[in-house]
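Now for the letters of each chain:
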Amino acid sequence: MQFEDDYKAWKAGQPELALPEAQGWTEENLAFLKEHYAGDLSAFEAYDALETMRRMGVISQKEENYASGAVMIVLDPSEINGVMYYTDQEDPSFWLGNFHKTPMVNFRSLDDIISWVEEFRTEDHPDAIPWAEAVARGWV
């Protein structure tokens, strides 16, 4: 949450971008992104690039969510036996989440983002998974 708040404060000081009218993964959009997100990107710039790419239709909301760690997976509650709770409140990840594990923390350039998106699109990322699979993936 702190990152999001800090990003919004940073963004308020940035000039508004006039986005191209074309939507999607077009040469025009990629040229625009390369012009505006050239060189080494700060964390705010990488996040801003993701937001801009989504607004331009270059990436989907799902792709932005996976890149930034805002993934929501639907679990079938009928498969859950018992109550789920987390007891180790001394573990910083309980309070901080797993932001440090998100793909975005490794984005140093637009090329890093584009490479990640291209790889992401070759993998299966379901919108809903069974409880047993979530456990097997270590998500719960």
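Bear in mind the structure is a predicted one, so any value in this text is a computation, not a measurement.

Participant: Quick rundown of the overall build of the protein? Include the residues and the values.
Facilitator: If you tally the helices and strands in the protein, you get seven helices and two strands. Written out in order from the N terminus, the α and β elements of the protein read α-α-α-α-β-α-α-β-α. Buried residues in the protein amount to 29% of all 140 residues. Carbon together with sulfur atoms contributes 53% to the accessible area of the protein, which is approximately 9,200 Å² in total.

Participant: Summarise the packing of helix α4 (residues 61–68) against helix α6 (residues 110–120); cite the residues concerned and give the values.
Facilitator: Contact geometry for α4 and α6: axes closest at 11 Å, N-to-C directions at 115°. With respect to each other, α4 and α6 are oriented roughly perpendicular. Along this stretch, α4 crosses α6, giving a crossing that reads as right-handed. Contacts between α4 and α6 involve Glu63, Tyr66 and Ala67 from the first element and Trp116, Val117 and Phe120 from the second. For the contact of α4 with α6, the residue count by class is five nonpolar, no polar and one charged.

Participant: Before we move on, could you go through the environment of isoleucine 114 and cite the residues and values that matter?
Facilitator: Here isoleucine 114 shows up in helix α6. When near neighbours in sequence (up to four residues on either side) are disregarded, isoleucine 114 contacts Trp25 and Leu30.

Participant: Can you tell me about the packing of aromatic side chains, naming the residues and giving the values?
Facilitator: One pass over the structure, following the stated rule, counts nine aromatic pairs. Between tyrosine 7 and phenylalanine 44 the ring centres are 6.4 Å apart and the planes differ by 55°, which places this aromatic pair in the tilted class. Remark: phenylalanine 44 occurs in helix α3 (residues 43–55) and tyrosine 7 occurs in helix α1 (residues 2–12); sequence separation between them is 37 residues. An aromatic cluster of at least three residues, connected via ring pairs, comprises Phe3, Tyr7, Trp10, Phe44 and Tyr47.

Participant: Account for the nonpolar core, with residues named and values stated.
Facilitator: Membership of the largest hydrophobic core comes to 25 residues, with the highest contact counts inside it found for Leu33, Tyr37, Leu50, Met53, Phe107, Ile113 and Trp116. When residues of this core are traced back to their parent elements, those giving at least two are α2 (27–36), α3, α4 and α6. Counting residues per element, this core draws most heavily on α6, which supplies six residues. Every residue in contact with isoleucine 113, bar those within four places of it in the chain, is listed here: Leu41, Ala46, Ala49, Leu50, Met53 and Phe107.

Cut-offs applied
Residues numbered from 1 in each chain as written. Predicted model: local features only at pLDDT ≥ 70, side-chain atom pairs only at ≥ 80, totals over all residues. Heavy atoms only, no water. Helix = DSSP H or I, 4+ residues; strand = E, 2+ residues; numbered from the N terminus. Buried < 20%, exposed > 50% of the residue type's maximum accessible area, 1.4 Å probe, protein only. Areas by Shrake-Rupley, 256 points an atom, 1.4 Å probe, with all protein chains shown as cover. Axes fitted to C-alpha atoms, helices over the stretch in contact; angles between N-to-C directions. Parallel < 35°, antiparallel > 145°, perpendicular 65-115°, else oblique. Left-handed = near helix turned anticlockwise from the far one by under 90°. Contact = heavy atoms within 4.5 Å. Nonpolar A, V, L, I, M, F, W, Y, C, P; charged D, E, K, R; others polar. Phe/Tyr/Trp six-rings, centres within 6.5 Å; stacked < 30°, edge-to-face > 60°. Core = buried A, V, L, I, M, F, W, Y, C linked by side-chain atoms within 4.5 Å.

In short, the description is geometric, and any link to function would need to be established separately.
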